[in-house]
Amino acid sequence: MRSFVLVLAVGLLVSCRDAVQPTAPAEATATAAASAPYTFVDLGSLGGYTEAAAINDAGQVVGWGWTASGTQHAFFWDAGVMRDLGTLGGDFSVANGINARGQVVGRSATASGEIHAFRWTDGTMEDIGPNSGIAPVLINAQGQVAWTAPVPGGAHPMLWDAGTVVDLGTIGGAYSNARALNDRGEVVGASPTTEGFTHAFLWSNGVMRDLGTLGGRFSEARAISASGQVTGLAFYTDREAHAFLWDGQMTDLGALQDFAASWGVALNERGDVIGQSSRESDNPEQSRPFLWRHGLLSALPGPDPYAPYLTANAVNNRGQVAGGYERRLPFVRVAVVWDDGTLWELGGSNSYAMAINQQGDVVGVANGHAALWRRTDSQAAASLVAASR
């Protein structure tokens, strides 16, 4: 986890326990890249290594890359053209989110060297405010932006709406961070309580709600759906944590068979949750991805039982999941998609998949460039790409 909460949480996952939810065995295996229903598109670069981070349903892509002069800039790609978004006056920017309107969010250095959140719309980069750098900058369909900003003595999540900034506060401590934002303007993340234990929170309509834990002292929310369901991780003892689904109350999703720990990564509007399950905290490369659906926790299939760093990163409303793994001897990263029990290897040298849209189009990196794997068996995807041109 990229925030202080993940470091703390992973450090406490140290023992084994059977899953408390039903699990299903993985039966499918990897399918050759040549037969995958995807067309690979090299999105190019800004001059050096370039990586795509997000895609909307119109096929517009954002990310970041190194320019020929050696600076890191955000980019926006649409209909075959990659555009350098520039900066807020400094020498650095990175984009990590885009909505259906083509509005882009990320972080950038200002002329004074501070890191600020930005929203880019139709060629204009707006300075949203100081960014602490411990959590992503988030945007929803309405163009609202959530991020984590430094405040005197700590850091708080903020919500920007049409020029007005709301400080979302904390549950009780000095630090809290925003991890996800939905189209209703609801924000989730983690915050210390007055007792000093980090808990998942849901901020909605001006109120920050403590989502509690599964019995231990710590929890963190990582994703929220449009309907307000939340997933993340919560400790059920002071040493062990499981993925949860919150929908008015917190449900323990368990862990894969013979694994001690799990954590939720993302969820869709059907209530599917994807995440990772691990045997032990000091061997994260052997964690395995899972899909939780209708009360059943199933392992997502891998290319072999010991593929390191096999991870699920994103899921769409069709239940298609994007991620990747590492192949050894020689070392190479491999971008993958899981679709209805089948693992497709997407191809490209040293590739990795970071995001997926509702048509099943996937973005990430391959061959050192930002990459798009366009789904070829979706008429909806084809019409949207044509319309974007």
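A quick note: this is a predicted structure, and the numbers were derived from the prediction, not measured.

Peer 1: Whenever I open this one, the confidence of the model for the chain confuses me. Can you help?
Peer 2: If pLDDT is low for a region, its predicted coordinates should not be looked at in detail. Scored by pLDDT, the chain has a mean of 88; 87% of the residues are at 70 or more. When the criterion is pLDDT under 50, residues 1-21 qualifies, and its contacts beyond four places in sequence or with other chains add up to 63 contacts. Contacts for the low-pLDDT stretch residues 23-34, under 50 throughout, to residues beyond four places or in other chains number 28 contacts.

Peer 1: Please clarify how the packing of aromatic side chains should be interpreted in this entry.
Peer 2: Aromatic ring pairs are reported here in terms of the distance separating the ring centres and the angle at which the planes meet. If you walk through the whole model with that rule in mind, you get 5 aromatic pairs. Judged by centre distance (5.8 Å) and plane angle (50 degrees), the rings of Tyr49 and Trp64 are tilted. Taken together, the residues span a long stretch of sequence, with Tyr49 in strand β4 (residues 47-55) and Trp64 in strand β5 (residues 61-67) at a distance of 15 residues. Relative accessible area serves as the criterion here: at 31%, Tyr49 is assigned to the partly exposed category. The class of Trp64 is buried, set by a relative accessible area of 18%. Look at Phe218 and Phe235: their rings are 6.0 Å apart centre to centre, the planes differ by 65 degrees, and that puts the pair in the edge-to-face class. Pair noted here: Phe218 is in the loop between β19 (207-212) and β20 (219-224) and Phe235 is in strand β21 (residues 230-235), with a separation of 17 residues, a long-range link. Using a relative accessible area of 16% as the deciding quantity, one classes Phe218 as buried. Ring pairs connect the aromatic residues Phe197, Phe218 and Phe235, which therefore count as one cluster.

Peer 1: How should the sheet that holds strand β16 (residues 177-181) be read in this particular structure?
Peer 2: The strands that make up a sheet pair up through hydrogen bonds in the backbone, lying either parallel or antiparallel. Taken together, 4 strands build an open sheet; the order of strands is β16-β17-β18-β19 and the sheet is antiparallel. Only two strands of the sheet have a single neighbouring strand rather than two, namely β16 and β19. Taking the axes of each pair of neighbouring strands and ignoring which way they run, one obtains an average angle of 30 degrees across the sheet. Bridging between strand β18 (residues 198-204) and β19 involves 5 bridges; their strand directions are antiparallel. Bridge pairing in β19 places Phe201 opposite Asp210.

Peer 1: Looking at this structure, how should I read unusual backbone geometry?
Peer 2: Across the chain, the bulk of peptide bonds are trans and the bulk of non-glycine residues have phi less than zero. One non-glycine residue, Asp340, adopts positive backbone phi at about 55 degrees. By secondary structure assignment, the location of Asp340 is in the loop between β30 (332-339) and β31 (342-345). Residue Asp340 is classed as exposed on the basis of its relative accessible area, which comes to 76%.

Rules and cut-offs
- Residues numbered from 1 in each chain as written.
- Predicted model: local features only at pLDDT ≥ 70, side-chain atom pairs only at ≥ 80, totals over all residues.
- Heavy atoms only, no water.
- pLDDT = per-residue confidence, 0-100.
- Contact = heavy atoms within 4.5 Å.
- Phe/Tyr/Trp six-rings, centres within 6.5 Å; stacked < 30°, edge-to-face > 60°.
- Helix = DSSP H or I, 4+ residues; strand = E, 2+ residues; numbered from the N terminus.
- Buried < 20%, exposed > 50% of the residue type's maximum accessible area, 1.4 Å probe, protein only.
- Pairing = 2+ DSSP bridges.
- Axes fitted to C-alpha atoms, helices over the stretch in contact; angles between N-to-C directions.

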